[in-house]
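Coordinate inspection notes
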Amino acid sequence: MRILIITLPRTGGTNFGKWLGKELDYQFITEPRNYKRQKIRGYTQKDLEKDNIVVKYTFDELKYKTKNVVNEISKFDFSILHVRENVYEEARSWLYHEFSKGGKKNLEWHEPYFIYQDWEEENKQNIQSLVEDINGGKNSLLNITFDLYTTYEGLYYGDEYKTLSQIFEFEPKYLDIINPTNRYLQGTKTFDIKQNKTLL
């Protein structure tokens, strides 16, 4: 079976795909059109044409065009739209990594991190602006027909994994991958400018 997952950034889509691929013993292919990482990942067109794969695309990879999403859906046996209900947290994380890097030049997308409270306060307006953009993309995706709709909250904090295990007929063995204790965001910190040190 060929399974497609469509997401927006910072929705837990990567670990979702890793987990599902691991449970099914399928190859997981993440963001094959993310040209910033294409050389690192080394996917080929032949990889995308295989059977027994889980492929995750972000909406931006498909140029935010619903017709491109529909076209990809047609190439797969089963399609999943995965979104995040708390769009503020999604936007905050996205902005922190993609645009400001949280003040760090080489902050990786898939590693544990903290958000500094002063950074969040300074970027409230930018975060809210991104919330509006994300909601626009999310609403466009919700108007497309998928075989299944999942959420960050339902998968990591609820029991949506049970629905998936029933649909794909497996007994979950790797729930540690989607355990919320393994989320990338470790919390917030306050930076004391006068003493030039971080306060937990």
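Residues numbered from 1 in each chain as written. Predicted model: local features only at pLDDT ≥ 70, side-chain atom pairs only at ≥ 80, totals over all residues. Heavy atoms only, no water.

1. Focus on the overall build of the protein chain
Scanning the protein chain for helices and strands turns up nine helices and eight strands. Within the span of the protein chain, comprising 200 residues, buried residues form 46% of the whole. Put simply, 74% of the contacts in the protein chain that link residues at least 6 apart link residues at least 24 apart. Of the roughly 11,100 Å² of accessible surface on the protein chain, 46% is carried by carbon and sulfur atoms. (Helix = DSSP H or I, 4+ residues; strand = E, 2+ residues; numbered from the N terminus. Buried < 20%, exposed > 50% of the residue type's maximum accessible area, 1.4 Å probe, protein only. Contact = heavy atoms within 4.5 Å. Areas by Shrake-Rupley, 256 points an atom, 1.4 Å probe, with all protein chains shown as cover.)

2. With respect to the layout of surface pockets
A probe matching the size of a water molecule, rolled over the atoms, marks out where space remains unfilled. Put simply, the second largest pocket is a space of about 220 Å³. For the lining of the second largest pocket, the per-class residue count stands at six nonpolar, three polar and five charged. (1 Å grid on protein atoms, 1.4 Å probe; cavity = no way out; pocket = protein on both sides within 12 Å on 5 of 7 lines; lining within 4 Å. Points joined across faces, edges and corners; volume = space filled by probe spheres on them. Nonpolar A, V, L, I, M, F, W, Y, C, P; charged D, E, K, R; others polar.)

3. Observations regarding the nonpolar core
Inside soluble globular proteins, nonpolar side chains tend to come together where they are buried. Ranked by internal contacts, the top residues of the largest apolar core, which has 32 residues, are Ile-6, Val-69 and Leu-141. Taken together, the elements giving at least two residues each to this core come down to strand E1 (2-7), strand E3 (53-58), helix H4 (66-73), strand E4 (78-83), helix H5 (87-99), strand E5 (113-116) and helix H7 (124-142). The residues touching Ile-6, leaving out its near neighbours within four places in the chain, are Tyr-57, Leu-62, Val-69, Ile-80, Leu-81, His-82, Leu-141 and Phe-146. Core analysis: the second largest hydrophobic core is formed by 19 residues, Ile-5, Leu-148, Tyr-156 and Phe-170 among them. (Core = buried A, V, L, I, M, F, W, Y, C linked by side-chain atoms within 4.5 Å.)

4. Considerations on helix H9 (residues 160-167)
Buried within H9 we find Glu-160, Leu-164 and Ser-165. Each buried residue of H9 lies within a common arc of 140° when the element is viewed along its axis, so the set occupies one face. Where H9 is buried, its residues meet helix H1 (13-24), E4, strand E6 (148-151) and helix H8 (152-156). Two residues or fewer after H9 comes Glu-169, characterised by a positive phi angle close to 55°. (Arc of directions from axis to C-beta.)

5. Description of the sheet that holds strand E2 (residues 27-30)
Read from one edge of the open sheet, five strands run E2-E3-E1-E4-E6, paired in parallel fashion. Both outer strands of the open sheet, E2 and E6, are each paired with one neighbouring strand and no more. For this sheet, the mean inter-axis angle between neighbouring strands, taken without regard to orientation, is 20°. With four bridges joining them, E2 and E3 adopt parallel strand pairing. Bridging from a neighbouring strand, Gln-27 pairs with Ile-53 of E3. Relative to E6, H9 is tilted by about 150°, and along the sheet it contacts E4 and E6. (Pairing = 2+ DSSP bridges. Axes fitted to C-alpha atoms, helices over the stretch in contact; angles between N-to-C directions.)

6. Remarks on the pairing of E1
Along E1, six of the six residues are buried, which leaves the element largely enclosed by surrounding structure. The side-chain alternation of E1 yields two buried faces, one formed by Arg-2, Leu-4 and Ile-6 and the other by Ile-3, Ile-5 and Thr-7. Where E1 lies against E3, six bridges are found, and the strand directions are parallel. Paired with Thr-7 across the strands is Thr-58, a residue of E3. Bridge count for E1 against E4 is four bridges, and the pairing is parallel. The residue of E4 that forms the bridge with Ile-5 is Ile-80.

7. With respect to the pattern of salt bridges
In the structure shown here, the tally under the stated rule is seven salt bridges. Note that Lys-56 and Glu-31 form a salt bridge whose closest N and O atoms lie 2.7 Å from each other. Of the two residues, Lys-56 is situated in strand E3 and Glu-31 in the loop between E2 and helix H2 (38-41); the sequence distance between them amounts to 25 residues. Owing to a relative accessible area of 3%, Lys-56 belongs among the buried residues under this scheme. (Salt bridge = Lys/Arg side-chain N within 4 Å of Asp/Glu carboxyl O.)

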